[in-house]
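Each chain, letter by letter, is given below.
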Number of protein chains: 2
Amino acid sequence: MTDSSSLALEHLPGGSAPLYERIADEVRRRVDAGIWSRGHRLRSEAEIAADLQVARGTIRRAIALLVESGHLVQRQGVGTFVAGREGLRVPGRFESLGQRMERNGVDHETVELGRDVVDAPQPSGAPVRSLRVRRLRLLDGVPMSVLVNQIPLDIAPGIEQVDLVTMSLYTLLEKSFHVAIEHSELTFGAIAADAELAALLDVPVGAPLTHLVQSTYGPGDVRIDDAETWIRPDRHQPTVSLWRTNS
Amino acid sequence: MTDSSSLALEHLPGGSAPLYERIADEVRRRVDAGIWSRGHRLRSEAEIAADLQVARGTIRRAIALLVESGHLVQRQGVGTFVAGREGLRVPGRFESLGQRMERNGVDHETVELGRDVVDAPQPSGAPVRSLRVRRLRLLDGVPMSVLVNQIPLDIAPGIEQVDLVTMSLYTLLEKSFHVAIEHSELTFGAIAADAELAALLDVPVGAPLTHLVQSTYGPGDVRIDDAETWIRPDRHQPTVSLWRTNS
DNA sequence: CATTATTTGTACGTATGTATA
DNA sequence: ATATACATACGTACAAATAAT
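The structure presented is a predicted model; accordingly, all values stated were derived computationally and were not measured. (Residues numbered from 1 in each chain as written. Chains lettered and ligands numbered in written order. Predicted model: local features only at pLDDT ≥ 70, side-chain atom pairs only at ≥ 80, totals over all residues. Heavy atoms only, no water.)

A. Representation of the overall build of chain A within the structure. Helix and strand counts for chain A stand at 6 helices and 9 strands. Every one of the 247 residues in chain A was classed for burial, and the buried ones make up 48%. Residue pairs at least 24 apart in sequence account for 54% of intrachain contacts in chain A once pairs closer than 6 positions are excluded. With an accessible surface of roughly 12100 Å², chain A has 52% of that area assigned to carbon and sulfur atoms. (Helix = DSSP H or I, 4+ residues; strand = E, 2+ residues; numbered from the N terminus. Buried < 20%, exposed > 50% of the residue type's maximum accessible area, 1.4 Å probe, protein only. Contact = heavy atoms within 4.5 Å. Areas by Shrake-Rupley, 256 points an atom, 1.4 Å probe, with all protein chains shown as cover.)

B. The packing of aromatic side chains, seen in detail. The final tally for this structure, using the stated rule, is 1 aromatic pair over all chains. Geometrically, the ring pair formed by Phe-188 of chain A and Phe-188 of chain B is stacked, given 4.1 Å between the ring centres and 15 degrees between the ring planes. Of the two residues, Phe-188 of chain A sits in strand β6 (residues 183-192) while Phe-188 of chain B sits in strand β7 (residues 183-192), which places them in two different chains. Lying across the ring of Tyr-20 of chain A, Arg-61 of chain A places its NZ or CZ 3.9 Å from the centre. (Phe/Tyr/Trp six-rings, centres within 6.5 Å; stacked < 30°, edge-to-face > 60°. Lys NZ or Arg CZ within 6 Å of the ring centre and 35° of its normal.)

C. View of the protein's contact with DNA strand D. Around DNA strand D lies a shell of 26 residues, among which Leu-19, Thr-58 and Arg-61 of chain A together with Glu-45 and Arg-60 of chain B are the nearest. Sugar plus phosphate, as a fraction of atoms of DNA strand D within 4 Å of the protein: 73%. Between a base nitrogen of DNA strand D and a side-chain N or O atom of Arg-56 of chain B, the distance comes to 2.9 Å. One nitrogen or oxygen atom from the side chain of Arg-60 of chain B is found 2.7 Å from a phosphate oxygen belonging to DNA strand D. Contributions of two or more residues to the surface near DNA strand D are made by α1 (19-32) and α3 (56-68) of chain A together with α3 (56-68), β1 (72-75) and β2 (79-82) of chain B. Examining the composition of the surface near DNA strand D, we find that 3 residues originate from one element, α3 of chain A, more than from any other. Among the residues making up the surface near DNA strand D, the classes are represented as 7 nonpolar, 10 polar and 9 charged. (Near = heavy atom within 4 Å. Polar contact = N/O pair within 3.5 Å; in protein donor to acceptor, adjacent residues only side chain to side chain. Nonpolar A, V, L, I, M, F, W, Y, C, P; charged D, E, K, R; others polar.)

D. Here's a closer look at the protein's contact with DNA strand C. Taken together, 25 residues lie around DNA strand C, and Arg-60 of chain A together with Leu-19, Thr-58, Arg-61 and Gln-76 of chain B are the ones closest in. Taken together, the sugar and phosphate atoms account for 75% of what DNA strand C places within 4 Å of the protein. Contacts to DNA strand C include Gln-76 of chain A, whose side-chain N or O atom sits 3.5 Å from a base oxygen. At 3.2 Å, a side-chain N or O of Thr-80 of chain A approaches a phosphate oxygen of DNA strand C. The set of elements that each furnish at least two residues to the surface near DNA strand C consists of α3, β1 (72-75) and β2 (79-82) of chain A together with α1 (19-32) and α3 of chain B.

E. Unusual backbone geometry, seen in detail. Even without glycine at this site, Asp-202 of chain A takes up a positive phi of about 60 degrees. Residue placement: Asp-202 of chain A occurs in the loop between α6 (195-201) and β7 (208-218). Unlike most non-glycine residues, His-178 of chain B shows phi in positive territory, near 55 degrees. With respect to the secondary-structure elements, His-178 of chain B resides in the loop between α5 (169-175) and β7.

F. Region of the structure containing the packing of helix α2 (residues 45-52) of chain B against α3 of chain B. Residues and elements named next belong to chain B. Here α2 crosses α3 at 115 degrees, and the two axes come no closer than 8 Å. By the angle class used here, α2 and α3 are roughly perpendicular. You can see that α2 and α3 cross each other, and the crossing is right-handed. The segment α2 lies against α3, with Glu-45, Ala-46, Ile-48, Ala-49 and Leu-52 engaging Arg-56, Ile-59, Arg-60 and Ile-63. Here the contact of α2 with α3 is composed, by residue class, of 6 nonpolar, no polar and 3 charged. (Axes fitted to C-alpha atoms, helices over the stretch in contact; angles between N-to-C directions. Parallel < 35°, antiparallel > 145°, perpendicular 65-115°, else oblique. Left-handed = near helix turned anticlockwise from the far one by under 90°.)

G. Region of the structure containing the side chain of Asp-226 of chain A. Residues and elements named next belong to chain A. Relative to the helices and strands, Asp-226 is located in strand β8 (residues 222-231). Of the polar contacts made by the side chain of Asp-226, one reaches the side chain of Ser-215; its length is 2.6 Å. When residues no more than four places from it in sequence are discounted, the contact partners of Asp-226 are Val-148, Asn-149, Gln-150, Gln-214 and Ser-215.

H. Representation of the environment of Arg-28 of chain A within the structure. All names here are of chain A. Within the secondary structure, Arg-28 sits in helix α1. Measuring from C-alpha to C-alpha, the distance between Arg-28 and Ala-199 comes to 21 Å, with 171 residues separating the pair along the chain. Leave out the neighbours within four places in its chain, and Arg-28 touches Leu-66, Ser-69, His-71 and Asp-234.

I. How the structure looks around the side chain of His-71 of chain B. All names here are of chain B. With respect to the element layout, His-71 can be found in the loop between α3 and β1. At 3.3 Å, the side chain of His-71 and the side chain of Asp-32 are in polar contact. Other than its neighbours up to four places away in sequence, His-71 contacts Arg-28, Val-31, Asp-32, Leu-66, Phe-81, Val-82 and Ala-83.

J. Examining the confidence of the model for chain A more closely. Residue and element names in this part refer to chain A. Mean pLDDT for chain A: 78, with 77% of residues reaching 70 or above. α6 holds the highest mean pLDDT among the elements of chain A, 95, whereas helix α4 (residues 97-103) holds the lowest, 41. Considering only residues more than four positions removed or in separate chains, one finds that residues 92-106, a stretch of pLDDT under 50, has 22 contacts. (pLDDT = per-residue confidence, 0-100.)

Now the structure itself:
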């Protein structure tokens, strides 16, 4: 009966998140980590519910999230299984970060790790004196991403003394410094967590992280911000919508 | 209090479909028909439930379907409303990797790993008979990415017999099947290589891979392609350009 | 082939928490 | 402060699909 591997959620993080989300997170973690591989059969809803001392409806809701995201499949009368790749995972079904934060106000938190003023080298031209700030972003108390931003001081004079944990950086630039953001270039990849990132994001060394490099420009291709971000893929997956331009 | 407009589902035989689906269908019909237009406030869940003599949970489940599909939005403490059509996402331009390599004359090669015809489940609606093709892309003879695409057969009839290794899939769809590509939704993250991907991409098991899930749509939001891609980040890092709308 | 046990699916009902007006 | 409305969670019961007896 595919015993073993009971859930044991005593150490479930994110105390404030709903129970069904925490359960789903834990199951997703095990699937993504390969602890439960393709075809693995979960215990029955009733058993899991009894184990965790929660109602079966709560288990069903957690499982529903993972069926949505393509992690699990269910078959009536048979059981619940870890999905293979035979079914594609369709976007738009993931809960975007914006939606999640919108939905429950602000359960996210930003911690500043440090800041300094540096002469940032430019692709073309002389170095530009810039504020460099390193921040850690948490969702439901669990680390989600590490952000490093570099903002030229002449773009936002005085920003080196401004608090950057309460407001979105871009909101601050637009509202307080009247910097218009026009476009940005985004390059993304994956990278294994080194010791420093692993410690900050609370993952094992070597765990895969989403790696983002983004340059943001204002009118006239003025460089506004250079950013590098590392994201725990189990905590957030960015989504963008792309439209065909008229060539 | 936006009264009026109670549901009255007497004429909802619907036969075998679950109650929550029939209720959702009726609400969706009214929204699509414009009987309830953007911003219209629905009666409270409790009121609807009392009206229809069903449990509130059943109403919630019906509404959940429509929130998922973007027809409705809910705000705690306020109410349930008919959603607008505005998207909050950032428009951008995306050149498919295949197109980019075509343009630059990079030495690349595509190997087909297999193809079959499947009934692909859709986020909403019945499964669609689709071609599923798995391909491996190499750059300078070294594996770069694994691609799985699903293209509905009614979009490109006969594509199941077409060679897909010489030309970019999107170029093929546009040039040979006259399928206009309008936009796509792109979700990205990182994932550790499992045994299968590791073998295909010639990396150690557990190596970080860029993971991409992309749905592509034509005019009228017709679904053209669902794709899932795993990329060796040391071989390629996708870039997108994002522009601010209007203003 | 029929029966039975198991498991998911649907629907009901209740209670309490939280956000908003 | 109060009332309203959605959000979460609990629990029960039965139906439907499946697999084993």
